[in-house]
Amino acid sequence: MAGFLGLSVLVFVSPASEASAKVFASQNQALAEAFPTATRIDRDTKILLKRHVEAITAITKETNQPKVVVLHTAWEGDVLLGYAHVDVHNVRTQPEAFLVVLTPEGNVRSVRILAFHEPLDYLPTDSWYEQFAGKTLEDRLRIGGDVHGVVGATLSAQAAADGVRRMLAYWEVLLKPAEVETQAP
């Protein structure tokens, strides 16, 4: 199961889309670069219970939730560095994959595109993805609101905002430590 997500990114490639398909980084490479001081990065495959799916759906407003989610937790010794998830989804008709990295407190630290199988004209720039840094579930993540749109890449922008919101929901429902839950706002 070690390379499952990396393989799932490539499985979607059809001969017709190979000309525009681009893989920018492997899952392992992206995780190592996201957490350069990590002494270990744990991979946790979570099978979602009905209550998890319902809670994630309430946050994301997406009714088609996966039943299995793979999350990564990075450590430097016994210090938690953060969490990461490779979000794979279709933009228009072809998939993209990006890595969403969160701080231990559940704030977006970075978003990095790993693979994009739509025409590259529809791919937002790296600097566009940087606007997600610092976002939390308190942010609406609405294109044209707190997330800038991309002319000619509206579906890509919306897919990215949705993927970041999913990771924030996973943190809230599956990863949030009990001591964070009990802190006063």
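Each remark here, short or long, concerns the structure printed above.
Calculation rules
Residues numbered from 1 in each chain as written. Predicted model: local features only at pLDDT ≥ 70, side-chain atom pairs only at ≥ 80, totals over all residues. Heavy atoms only, no water. Helix = DSSP H or I, 4+ residues; strand = E, 2+ residues; numbered from the N terminus. Buried < 20%, exposed > 50% of the residue type's maximum accessible area, 1.4 Å probe, protein only. Contact = heavy atoms within 4.5 Å. Areas by Shrake-Rupley, 256 points an atom, 1.4 Å probe, with all protein chains shown as cover. Salt bridge = Lys/Arg side-chain N within 4 Å of Asp/Glu carboxyl O. Pairing = 2+ DSSP bridges. Axes fitted to C-alpha atoms, helices over the stretch in contact; angles between N-to-C directions.

Comments concerning the overall build of the protein chain
Part 1 of the argument: Scanning the protein chain from N- to C-terminus turns up six helices and six strands.
Part 2 of the argument: Across the protein chain, helices and strands are ordered from the amino to the carboxyl terminus as α-β-α-β-α-β-β-β-β-α-α-α.
Part 3 of the argument: Counting all 185 residues of the protein chain, 43% fall into the buried class.
Part 4 of the argument: Considering only residue pairs separated by 6 or more positions, the protein chain has 61% of its internal contacts joining residues 24 or more positions apart.
Part 5 of the argument: If you sum the accessible surface of the protein chain, you get close to 9,700 Å²; carbon and sulfur atoms cover 55% of it.

Here's the deal with the pattern of salt bridges
Part 1 of the argument: Tallied over the entire structure, the rule returns ten salt bridges.
Part 2 of the argument: Here Glu172 makes a salt bridge to Lys176, at a shortest N to O gap of 3.3 Å.
Part 3 of the argument: For Glu172, a relative accessible area of 29% corresponds to the partly exposed category.

With respect to the sheet that holds strand 6 (residues 108-116)
Within a sheet, adjacent strands bond to each other through the backbone by hydrogen bonds, running parallel or antiparallel.
Part 1 of the argument: Overall, antiparallel pairing links the six strands, which are arranged 1-6-5-4-3-2 in an open sheet. The open sheet is flanked by strand 1 (22-23) and strand 2 (40-47), the only strands paired with a single partner.
Part 2 of the argument: Alignment of strand 1 against strand 6, held across two bridges, turns out to be antiparallel. The partner of Lys22 across the bridge, within strand 6, is Phe116.
Part 3 of the argument: Running over the sheet, helix 2 (residues 27-34) touches strand 2, strand 3 (68-76), strand 4 (79-90), strand 5 (95-102) and strand 6 and is turned about 160° from strand 6.

It is worth stressing that arrangement in space is one thing and function is another; only the former is reported here.
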